[in-house]
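Breakdown of the fold
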Amino acid sequence: MKITDAAVYPYPLGDTSVRRLALEAEALGFDSIVAADTPSGVYGGVEVRSGLMIRDVPVKDVISAVKRAKDSGRVISVNAANNNFNRAVIGIKGVHILRGIQSADKTAFDHVAAKMAADNRVAVDIDLSSIIMGRSVVRQRAIHRYMDIMVLEQRFEFPITLSTHARSLLDMRNVRDIAGLCSLIGMDVPDVERALSGVGTVLTPREPAVKVIA
Amino acid sequence: MSPRPPTLREKRRYILARIEPAGTVLEQKELYYAISDATTSLWGDATTAIITPAVVALEHGHVVIRCRRGTERELAIAVSTVTACRDVRICLRIIAASGTIESLRSRFRPKKSPKSKTQPGHESGTEPEVEKFATETGAVEEHTLPECTFAKKTFFIEQCNGQKVDVIEKGFKNTNRLFLTKEDLEDLNATTISDRI
């Protein structure tokens, strides 16, 4: 089980180089990070996975982007929009994470989408930056939305990932802080552990339901 | 008025946190307001009144925060949401919690070695190399800081601690801090790195 921060944005998207983010992640108790638009590698004992964040494009473009990035080993995530878009995206083979649920419509992720996410092993990302940096209504809305996601997760058991969306090392939080912040949305320690290893879960190929022995 | 006997006093706990980025100069009062705002924003007035957060010490880049016993968890969560102090971006990394301030002070106070006695006003041990250079040469001025280039731009090296290098762009407009490593600077332009770092 690798403890992973599912989204960080190194320089030039942020103010911290990917090596420095990796050093900081190691100090904060992470084993790996998913860095946007950065080649994969290992820095200071922390595995940096390359992440592809797709946002504000129609489903057609998502399909072509996923096709291009297939077999590249990148962690592909798509920003959530309305319910139809989300269901379509979850159905695309190769999409690993659905992000930005907190800023999508109230009905963007329902029980049908949750069932599809569980079947297709697509994770839903919990963006902690909206809890850390958001204030008043923004934070309240995010907490409420994540609590709703957790209710669906308990029922359908789709993967969850946790990300700080750090653009600077100052935005990163250690594992203990993350567990504390997740307690605000009703996650207990086993839930947090499962969520922190969510990236590994969605990247590991699923074992077939029926095993041919001979 | 006689002080309340110890058995009737409120039980308190103290949380030690490191201030990042290193070398950030903050006022105790401003930091108290930042922590108090974060606590009130997250937990509301009623719970903040129960937590009663207070900044009791701010020294050597560390802060000691007081709270009522049993509310450490709430305070720690609130402290993790502190992102700025008077428009200065900061982050508080919680190190430990204790029942006494003294035990926390022993964690961050530089240990005095008998051989290296420092002059009054000088602090040794934990100071980064760049700071040392600045104090050895006299007055700390901006132009005395070593320079480097990164992404075809010139930067002043603000902090250097092990592999970690914090730089600030030379000039008046972009004074944002970049967080890099020595390896980043070596990769991009090995010839322009100062020997002093």
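Refer to the preceding data block for the structure.
Treat the numbers as computed from the prediction; the structure is a model and nothing was measured. (Residues numbered from 1 in each chain as written. Chains lettered and ligands numbered in written order. Predicted model: local features only at pLDDT ≥ 70, side-chain atom pairs only at ≥ 80, totals over all residues. Heavy atoms only, no water.)

Another point: the overall build of chain A. In terms of helices and strands, chain A carries nine helices and eight strands. Rg of the C-alpha trace for chain A: 16 Å, near the compact-globule value of 17 Å for 214 residues, within the 12% margin. Dimensions of chain A along its principal axes, counting C-alpha atoms only, are 45 × 45 × 35 Å. Within chain A, buried positions represent 56% of all 214 residues. When the accessible surface of chain A is summed, it comes to about 9600 Å², and 54% of that surface belongs to carbon and sulfur atoms. (Helix = DSSP H or I, 4+ residues; strand = E, 2+ residues; numbered from the N terminus. Rg over C-alpha atoms; globule rule 2.2 N^0.38 Å. Buried < 20%, exposed > 50% of the residue type's maximum accessible area, 1.4 Å probe, protein only. Areas by Shrake-Rupley, 256 points an atom, 1.4 Å probe, with all protein chains shown as cover.)

This part is about the side chain of A:R145. Residue and element names in this part refer to chain A. Checked against the element boundaries, R145 lands in helix α6 (residues 137-156). A polar contact is formed between the side chain of R145 and the backbone oxygen of I101, at a distance of 3.1 Å. If sequence neighbours within four positions are ignored, R145 has contacts with I101, Q102, A104, D105 and K106. (Polar contact = N/O pair within 3.5 Å; in protein donor to acceptor, adjacent residues only side chain to side chain. Contact = heavy atoms within 4.5 Å.)

Time to look at the sheet that holds strand β6 (residues 91-98) of chain B. All names here are of chain B. Ordered by their spatial adjacency, four strands build an open sheet running β2-β3-β1-β6, and the pairing between neighbours is antiparallel. Both edges of this open sheet fall to β2 (54-59) and β6, since each of them pairs with a single strand only. Going across the sheet, the axis of each strand differs from the next one's by a mean of 25°, ignoring polarity. As paired strands, strand β1 (residues 12-20) and β6 are joined by seven bridges and run antiparallel to one another. If you follow A17 over to β6, its bridge partner there is I94. (Pairing = 2+ DSSP bridges. Axes fitted to C-alpha atoms, helices over the stretch in contact; angles between N-to-C directions.)

All right, on to the side chain of B:S98 then. All names here are of chain B. Topologically, S98 is positioned in strand β6. On the basis of relative accessibility, which here comes to 14%, the residue S98 falls in the buried class. A polar side-chain atom of S98 sits 3.3 Å from the main-chain amide nitrogen of T100. Among all residues touching S98, those that are not within four sequence positions of it are R13, Y14, S103 and L104.

Enumeration according to the criterion identifies four aromatic pairs over all chains in this entry. Among the aromatic residues, those joined into a ring-pair cluster are A:Y11, B:F150 and B:F155. The side chain of A:R155 reaches across the aromatic face of A:F156, ending 5.1 Å from its centre. The ring of A:Y9 has A:R167 lying over it, and the distance from NZ or CZ to the ring centre is 4.3 Å. (Phe/Tyr/Trp six-rings, centres within 6.5 Å; stacked < 30°, edge-to-face > 60°. Lys NZ or Arg CZ within 6 Å of the ring centre and 35° of its normal.)

Moving on to the pattern of salt bridges. Counting across every chain of the model gives 29 salt bridges over all chains. One salt bridge in this structure joins A:D15 and B:R89, with 4.0 Å as the shortest N-O distance. Taken as a pair, A:D15 in the loop between β1 (4-8) and α1 (18-28) and B:R89 in strand β5 (residues 88-89) lie in two separate chains rather than in one. What makes A:D15 buried here is its relative accessible area of 16%. The residue B:E102 makes a salt bridge to B:R105 at a minimum N-O spacing of 3.5 Å. Separated by three residues within a single helix, B:E102 and B:R105 lie in helix α3 (residues 101-108), roughly one turn from each other. (Salt bridge = Lys/Arg side-chain N within 4 Å of Asp/Glu carboxyl O.)

A separate point is helix α3 (residues 83-91) of chain A. Residue and element names in this part refer to chain A. When we look at burial in α3, the residues that qualify are N83, F85, N86, V89 and I90. What you see down the axis of α3 is that its buried residues fit within an arc of 160°, all on one side. On its buried side, α3 packs onto α2 (59-69), β5 (75-79), β6 (97-99) and α4 (111-120). (Arc of directions from axis to C-beta.)

Residue A:P12 is bonded to the preceding A:Y11 through a cis peptide linkage, with omega at 10°. Mapped onto the elements, A:P12 comes out in the loop between β1 and α1. B:E20 connects to B:P21 through a cis peptide bond whose omega is 0°. At A:D37, a position not held by glycine, the phi torsion is positive, near 50°. On the accessibility criterion, A:D37 (54% relative accessible area) is exposed. Even without being glycine, A:D56 reaches a positive phi, approximately 55°. Structurally, A:D56 is set in the loop between β4 (46-54) and α2. Residue A:D56 is classed as exposed on the basis of its relative accessible area of 72%.

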